[in-house]
Amino acid sequence: ELAPAYLRIGGTEADAIYYDMTGSESESPPSPYELVLTRRMWDSVNSFAGSTGCSIFFTVNAGPAPRKSDQSWTTENAAHLLEYTKRKHYPVEVWEFGNELNAFWFQFGRKNRITASQYAKDINRFEKLVTCYSPHSRVAGPACIFWPLMGEPLSFWYSFYLDFLKEAGGRPDIITWHFYPQQS
């Protein structure tokens, strides 16, 4: 009854998740991660999507935890998720990189703000990772907050979306944003 449809697994918490595909089922993430997505949970998501005919649209952690001190994103934890997904032949249609990057200053503090230039470099690295493990999938981002009358919140200080589009050079496959008409 729901098909064709996308099941989006993402949101604010997406940028705080550790992917534990070892089967240990530990619900305590390593520091500085806040949440855990276990193999059992991921299997359940894919089972549900398969039984309902939904395609999966999954937001991968682009938050502060998988980043080096220079703010560059590391692929290691996401690679565990993508490798397991490939091994299980789960058909993830879209891998989105991060949730509301232009609001990281609000969610994670000013010191964890990601610039548009850094995100463009990171999404290039992310696209290579997705191509390696899931070449049939599309890559989406940056899922910025956008209000119809106001545009990006506080864009005069933390401009992101238009700067990213200039830096991205035609990437990613899908440009995403979050539209909040009730707040504008």
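These numbers were taken from a predicted model, which means no experiment stands behind them.

### Structural notes on the nonpolar core
So, point 1. Of all hydrophobic cores here, the largest spans 38 residues; its most connected members are Trp42, Phe58 and Trp95.
So, point 2. Ignoring anything within four residues of it in the chain, the contact list for Trp42 reads Met21, Leu37, Ile56, Phe58, Leu81, Tyr84, Thr85, Tyr90, Val92 and Trp95.

### Looking at the pattern of salt bridges
So, point 1. A complete count under the given rule lists seven salt bridges for this structure.
So, point 2. As a salt-bridge pair, Arg171 and Glu127 come within 3.4 Å of each other at their nearest N and O atoms. A residue pair is termed long-range when its members are at least 10 positions apart, and Arg171 in the loop between α6 (161-168) and β7 (174-179) and Glu127 in helix α4 (residues 116-133) qualify at 44 residues.
So, point 3. Here Arg171 falls in the partly exposed class, since its relative accessible area comes to 23%.
So, point 4. What emerges from the salt-bridge pattern is a single network uniting Arg67, Asp122 and Arg125.

### Some points on the layout of surface pockets
So, point 1. Approximately 210 Å³ is the volume found for the largest pocket.
So, point 2. As for the largest pocket, its lining consists of eleven residues, and the residues nearest its centre are Glu100, Ala103, Phe106, Ile145 and Trp147.
So, point 3. Residue contributions to the lining of the largest pocket peak at three residues, all from helix α3 (residues 104-108).
So, point 4. The residue makeup of the lining of the largest pocket, split by class, is seven nonpolar, three polar and one charged.

Cut-offs applied
Residues numbered from 1 in each chain as written. Predicted model: local features only at pLDDT ≥ 70, side-chain atom pairs only at ≥ 80, totals over all residues. Heavy atoms only, no water. Core = buried A, V, L, I, M, F, W, Y, C linked by side-chain atoms within 4.5 Å. Buried < 20%, exposed > 50% of the residue type's maximum accessible area, 1.4 Å probe, protein only. Contact = heavy atoms within 4.5 Å. Salt bridge = Lys/Arg side-chain N within 4 Å of Asp/Glu carboxyl O. Helix = DSSP H or I, 4+ residues; strand = E, 2+ residues; numbered from the N terminus. 1 Å grid on protein atoms, 1.4 Å probe; cavity = no way out; pocket = protein on both sides within 12 Å on 5 of 7 lines; lining within 4 Å. Points joined across faces, edges and corners; volume = space filled by probe spheres on them. Nonpolar A, V, L, I, M, F, W, Y, C, P; charged D, E, K, R; others polar.

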